[in-house]
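Analysis of the macromolecular model
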Amino acid sequence: MRCSRTTGVWIAGLLSALPAGGGTITAVPLPNPQVPGFHFPESEATVLTWVRSMGGGGADAPAAFTSVHTHAWGLWTALTLPTSQVDAREYLRVFETWYTPQEISEQAGSSNANLVPAAFQPAARRRAPMQSFVQFEHGLNPSDRALMALSNGTETVFGYVKFDPTAAEHVMKQQLLSTGVLNQLLMGGAQQIPVFPSTALTLKSAFQIITAKTLVEGRYYRLNVWSGPPATPQAWGPAQWPGVVWIDILGGGSGNGQIDMEASTDGGTRTDQTTYPVSSIINHQITPIEAAQFNAGQPGSNVAAGDYAILVAMHVAGREIARWTWQTFWWTPTPNDPQLPSSAAIAALRPAQLTGAPRNYAMALGYDMSTPGQPDTGGQNAGSAVYAYNPYLEARFGPANLPDSEPGNDPNGRPAANNAGVACNCMSCHIRANYNPNNLATAPAYSGARYTDLNDPQFSGTLQVDLLWSLPEIAN
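As the structure is a computational prediction, the values presented were derived from the model and not from experiment. (Residues numbered from 1 in each chain as written. Predicted model: local features only at pLDDT ≥ 70, side-chain atom pairs only at ≥ 80, totals over all residues. Heavy atoms only, no water.)

Turning our attention to the pattern of salt bridges. Enumeration over the complete set of coordinates arrives at 14 salt bridges. We note a salt bridge from Glu169 to Lys173, for which the minimum N-O separation is 3.8 Å. Taken together, the residues span about one helical turn, with Glu169 and Lys173 both in helix 6 (residues 165–174) at a distance of 4 residues. One salt-bridge network, in which partners are shared between bridges, spans Asp87, Glu90, Glu96, Arg126 and Arg127. (Salt bridge = Lys/Arg side-chain N within 4 Å of Asp/Glu carboxyl O. Helix = DSSP H or I, 4+ residues; strand = E, 2+ residues; numbered from the N terminus.)

Laid out in structure tokens, this is it:
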């Protein structure tokens, strides 16, 4: 995973020749990554055939497994490709150019509110400011928040939700970030917002910020790394992970899968083998504008221009099927043999077109809630649950974060409570997303791995939001 010195010199020379980047960022549609077998958008019939075949265990299951995971890796390859756009002498990746809900909401309230994102372009659009995530404390009481803080330790993640240009256009055109519009739909008898087009993609990126005060010897950052779920499902935040690696902002380190299991805080246990160059992880240096925005939103952070933001995790969802496709990615020092909920079999399907830092991420996906799969409506909470979560995002969750969980079976068919972050999947939680302005106690809430019927009576009196919790959480 280490970059060669020759490569590093070449990159440094290239960056020195780049313009500082004083223009505005333009959203880039998902490009074709030239991955064999990958098409986007794929037809709903094709995706559902893969999912049913993969879960059926028949002779076609291995081919379906390959198709599903190739599709997810193709999305990751495409959205992490570099573009020709530059901000502060750094090339932007495709996902970095997409729109945040805040940008769309601000535009909707401007004099150009009648325009859709294909037509509007803010005058000086820069990197999106990072914020803390609402989901981490959603519905928690003070004692639960304190427990989560202990589970997280000192590692706090920040980031943003983003929409690709077609999803952003839909949000803008339908005014889905306006509570007034959502209320009109609800009062008019609608059960669901206008659904997104099949080309729509949305993502949640999670970063850790490397500041000067978090460095050892002025260069090494101590990063807790995932070593798999606990034997007994429970809240399992970064503070409980046994191993760390050291990220060297000066580019040193020969790490190639080694982890520091002693994990001293002063760097005394660090070795060259447990040290990884910052170039091995997707990152960018904080600009003066970003630093000012971040410090305003997170008082006391003391983030400075030149500090690093490293991408530890990303959720990606696509509207190719009614319940969306869900894939999640996280950085790992062992990308060839990642821990659950990923696997070596999944890693082996990374395409040759996926190169550089993006190749050092593990992946898990949830294109269904259980195996064998259940229909969109009329199904049951039966079979073996699908676990697909992100260690840096959901592993910290306990039962208090997932109040609508139901017991069922684990992926091996054994009875399980399925009420912790390490026993959840994206679809099971997001299918319960709703706008609930009347604060109905019966409304669906966050959940661990389980089946939910799209016509569940719990949705009565609420407005379903096409599986996107971000819409009601950000709407104003």
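Moving on: the pairing of strand 10 (residues 308–318). Of all 11 residues in strand 10, 11 are buried; the element is thus mostly enclosed. As paired strands, strand 4 (residues 201–210) and strand 10 are joined by 10 bridges and run antiparallel to one another. Looking at strand 10, one finds that Ile210 is bridged to Tyr308. In terms of strand pairing, strand 9 (residues 283–285) meets strand 10 through 3 bridges, oriented antiparallel. Within strand 10, the residue paired with His284 across the bridge is Ala309. As judged from the 6 bridges shared by strand 10 and strand 11 (residues 325–331), these two strands associate in the antiparallel manner. Within strand 11, the position partnered with Ala313 by the bridge is Trp330. (Buried < 20%, exposed > 50% of the residue type's maximum accessible area, 1.4 Å probe, protein only. Pairing = 2+ DSSP bridges.)

Our next topic: the nonpolar core. In this structure, Trp76, Met130, Leu223, Ile247 and Trp331 are the most contacted members of the largest nonpolar core, which totals 79 residues. The leading source of residues in this core is strand 10, at 8 residues. Apart from residues lying up to four places away in sequence, Met130 is in contact with Phe158, Gly159, Tyr160, Phe207, Ile209, Ile286, Glu290, Phe294 and Ala309. Ranked by size, the runner-up nonpolar core spans 38 residues in total, among them Ala167, Ile193, Met369 and Tyr435. (Core = buried A, V, L, I, M, F, W, Y, C linked by side-chain atoms within 4.5 Å. Contact = heavy atoms within 4.5 Å.)

That's the geometry; what it means functionally is another story.
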